[in-house]
Amino acid sequence: MTVTIVSENAIAVVTVDNPPVNALSQALRQALVDAVADLDADTAVEAVVLICAGRTFIAGADVSEFGKPPQPPHLPDVVASIEGAKKPWVAAIHGSALGGGLEVALGCAYRVAVPTASLGLPEVKLGIIPGAGGTVRLPRLIGPAAAVDLVTSGSPVGAKKAKALGLIDAVIDGDLRAGAIAFANKVAERSLPQPISGRAVPAVESGFWDTAEKAVAAKAKREVAPLMALASVRNASETDFASAMAFERETFLDLRGSAQAAALRHVFFAERAAPRPPELAGVTPREIHSAAVIGGGTMGAGIAAALRDAGLAIVLIERDRAAVERGLANIRAIFEGSVKRGRITQEVSDERMAGVTGSEDYGSLANTDLVIEAVFEDIGIKRAVFGKLSEVCRPDAVLATNTSYLDPNAISEGIAHPERFLGLHFFSPAHVMKLLEIVPTETTAPQVLTTGFALARHLGKIPVRAGNCDGFIGNRILKVTRAQAERLLLSGATPSAVDAAMRAFGLPMGPFEAQDLGGLDIAAFQRKAARERGETPFAPVADRLCANERFGQKSGGGWYDYQPGHRAPKSSETVAAIIAEEAAGRPQRVWDEAEIADAIILPMVNEATRILEERVALRAADIDLVKIHGYGFPRWRGGPMHYAEARGLSEVVAVLDRLAAEGLTEPPHEGLRRAAKAGGFSALAG
Ligand code: T1G
């Protein structure tokens, strides 16, 4: 880490260089305090520009220091020393000024930024609140309403919006350094502006805070930080600066040590490790400039929309003209839906569709860089598709299957250049869900695998490398969860009690309402294939529901009954009668919400431990990402594996032993016992 100071006549340029994102390490904080003292003492200096080397302005406190006791100089003191400088400091922002980075910029007398810069306070996404004056200076600079939006959402704003809010003083077109120096020369002649800390907070109309609290609570759900951030902004608007800073700091330190902050920090680092499998270090991905999707059904259309959203022109291939038209209509419906929801404008939707061409001619793919297959889950149909692709596509074209359950090795058997083939398992809706399971075959080349990861990053997805097994990582765990949920029904629980317990745990919906939404027939099809392989999937009630053609919302009834045209689930007497028949002779018990959650979540951890032991997942944290980004596991719990470690693996083993003794779950896996003895899952990872 270096902080260099060079003088451009009367302007001192302080350049911070602390790769990769100029995070505010202890050494950098000290260097900034020293720079203020040195430049205050230098009579030749009339103003200061604070700029950063590399890809971004200061991106915040160094998150890797969070697990340790904070070291002086503490960031509030650093910001105060800049704010108290005798000469005006001008923050020159490119890339992102985030968290502590924006707080440092708020300590400066002025802020300027390039048009592509973004500024924000993302602390709530880490389960904390700004801890160096962000909730106290911001309402003084841009007013309480704009401050509440920025602080409680954690979302950044662009330079143009920042200028309109008054968060920055100028947008610098062209060279930032030169523009900032010119700006500094101008302000050097003026007297110092009133420090933000000395300004009053503009008044708000009555009812503002109650309205804000309701809105933030509705969005934050079980996450604590957004409401605490709102409280700190409100407090800053109603008390003096020093008291407000003390309140903010105390709240920040409290949250910093909280379980939710630990979980969100775990996810932050997991999301940055997953796209970088160690075995691919230094492998250069192939460039993808053109793409095609085979199959215009729900998945194919979603994948096509995701590729278009990332700016790739695509060809949609279907078996005949009518199917092509249906596929194009499915893609158009996705973009029109986004227009209706206000996510994109009509012209963006039209532009997206202009980049889609439909064809039934595989020959049109002769020069396509990437082809993703998303046809019906039948090995014969998929192999026929890849037989054709193998003939028409370039030998270096990347060929991918979106299969959920079939073996990618079997799908690609016999194609030319099998090293270019891999599994890219998207989750529905593919243009929304972040998770992408990347499944290499036995012959996938490292460059093709790394191309899959690069494509995921380009699509804004979270890629997780998955080994080849039935259901890969996510759906393999889902099968266990569904079987487990049925076991509870046969021992006295009801579908609505199980769903309510899982919502209380933090899932967006419970296992039964989720099946009714997605359709029971898909899993029934998988169970049929599993039975043909000699497996014995446990789903006595689901089998009978499907036999009665109760496939969920789409058939007017599944685990629940539905009024025609309505989606509100109603407990079903038909289902209750089937459960009672299937439960006959089995011990019944009373279930409370915590026990239901244990009986669903802990078997998830048990199966995930097997997945880790078999190296189907590279890391426990990858499994957390699969559950969070593919299945709605609450991010503020860190994922099932983090949740289990935070709870204590010995306790997890003890609860599973107890439930297994009642015949309600599988006993703890040997690997889980070993991880419990070792104090964590890292004992199992390769
Ligand atoms: N601390 C430490 N390391 C960080 C970091 C941070 N704040 N941000 C990123 N990294 C690492 C990351 O782990 C990865 O490392 C590399 O930088 C590239 O990251 C007092 C207390 C800045 C928009 O929440 O949003 O300030 O894996 O892959 O896609 O109030 O990183 O390469 O070894 O994400 O170009 C608030 C979090 C902190 C910003 C760049 N700040 N970072 O995105 O790169 S709390 C944040 C980001 C705070 C104050 C409070 C993004 C980015 P490696 P990357 P990117």
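Note that the structure is a prediction, hence the values are computed from the model and not measured.

S.K.: How should the pairing of strand 17 (residues 462–465) be read in this particular structure?
M.R.: Looking along a regular strand, one sees the side chains alternate between the two faces of the sheet. Taking every second residue as pointing to the same face, both faces of strand 17 are buried, with Ile-462 and Val-464 on one and Pro-463 and Arg-465 on the other. Of the pairings in the sheet, the one linking strand 16 (residues 435–440) to strand 17 comprises 4 bridges and is parallel in character. When the bridges of strand 17 are listed, Leu-435 appears paired with Ile-462.

S.K.: Looking at this structure, I do not really get the sheet that holds strand 2 (residues 11–17). What am I missing?
M.R.: Across a sheet, strands are paired by hydrogen bonds formed along the backbone, either parallel or antiparallel in direction. Taken in spatial order, the 6 strands line up as 1-2-3-4-6-9 in an open sheet, and their pairing is mixed. Edge positions in the sheet fall to strand 1 (2–8) and strand 9 (170–171), since each of these pairs with one other strand and no more. As judged from the 6 bridges shared by strand 2 and strand 3 (residues 47–52), these two strands associate in the parallel manner. Note on strand 3: the bridge partner recorded for Ile-11 is Ala-47.

S.K.: Where do I start with the pattern of salt bridges in this structure?
M.R.: Pairing of side chains with opposite charge becomes possible as their charged atoms draw close. Under the defined criterion, the tally for this structure stands at 40 salt bridges. The salt bridge partner of Asp-543 is Arg-531, with a shortest N-O separation of 2.6 Å. Residue Asp-543 is found in helix 22 (residues 540–547), and its partner Arg-531 is found in helix 21 (residues 520–532); the two are separated by 12 residues along the sequence. Salt bridges sharing common partners tie together Arg-308, Asp-309, Glu-351 and Arg-352.

S.K.: Would you mind showing me how to read the packing of helix 19 (residues 495–505) against helix 20 (residues 511–518) here?
M.R.: Each pair of packed helices can be described by the angle between their axes along with the distance between the axes. One way to put it is that helix 19 packs onto helix 20 with a least axis distance of 7 Å and a crossing angle of 100°. Classed by the angle they form, the pair helix 19 and helix 20 counts as roughly perpendicular. Contacts between helix 19 and helix 20 involve Pro-495, Val-498, Asp-499, Met-502 and Arg-503 on the former and, on the latter, Pro-511, Phe-512 and Glu-513. Residues that form the contact of helix 19 with helix 20 fall into these classes: 5 nonpolar, no polar and 3 charged.

S.K.: Please clarify how the UniProt feature "domain: 3-hydroxyacyl-CoA dehydrogenase C-terminal" (unreviewed entry) in the protein should be interpreted in this entry.
M.R.: Mapped onto the present numbering, the UniProt feature "domain: 3-hydroxyacyl-CoA dehydrogenase C-terminal" (unreviewed entry) falls at residues 471–562. Summarising residues 471–562: 61% helix, 2% strand, and an end-to-end C-alpha distance of 30 Å.

S.K.: What should I look at first to understand the side chain of Glu-513 in this one?
M.R.: Its place among the elements puts Glu-513 in helix 20. Within polar-contact distance, the side chain of Glu-513 engages the side chain of Arg-503 at 2.8 Å. In this structure, Glu-513 is in contact with Asp-499, Arg-503 and Tyr-560, ignoring residues within four places of it in sequence.

S.K.: It is not clear to me how the nonpolar core should be interpreted in this structure. Could you clarify?
M.R.: The tendency in soluble globular proteins is for nonpolar side chains to be buried side by side. Counting residues in hydrophobic clusters, the biggest one holds 85 residues, and the most contacted among them are Trp-89 and Leu-167. In this view, Leu-167 contacts Leu-102, Leu-106, Arg-111, Leu-119, Leu-138, Leu-141, Ile-142, Leu-150, Val-157 and Ala-162; residues no more than four positions away in its chain are not counted. With 75 residues, the next largest nonpolar core counts Ala-270, Ile-462, Val-575 and Leu-625 among its residues.

What counts, and where the lines are drawn
Residues numbered from 1 in each chain as written. Predicted model: local features only at pLDDT ≥ 70, side-chain atom pairs only at ≥ 80, totals over all residues. Heavy atoms only, no water. Buried < 20%, exposed > 50% of the residue type's maximum accessible area, 1.4 Å probe, protein only. Helix = DSSP H or I, 4+ residues; strand = E, 2+ residues; numbered from the N terminus. Pairing = 2+ DSSP bridges. Salt bridge = Lys/Arg side-chain N within 4 Å of Asp/Glu carboxyl O. Axes fitted to C-alpha atoms, helices over the stretch in contact; angles between N-to-C directions. Parallel < 35°, antiparallel > 145°, perpendicular 65-115°, else oblique. Contact = heavy atoms within 4.5 Å. Nonpolar A, V, L, I, M, F, W, Y, C, P; charged D, E, K, R; others polar. UniProt positions renumbered as here; feature names shortened; annotations may be inferred. Polar contact = N/O pair within 3.5 Å; in protein donor to acceptor, adjacent residues only side chain to side chain. Core = buried A, V, L, I, M, F, W, Y, C linked by side-chain atoms within 4.5 Å.

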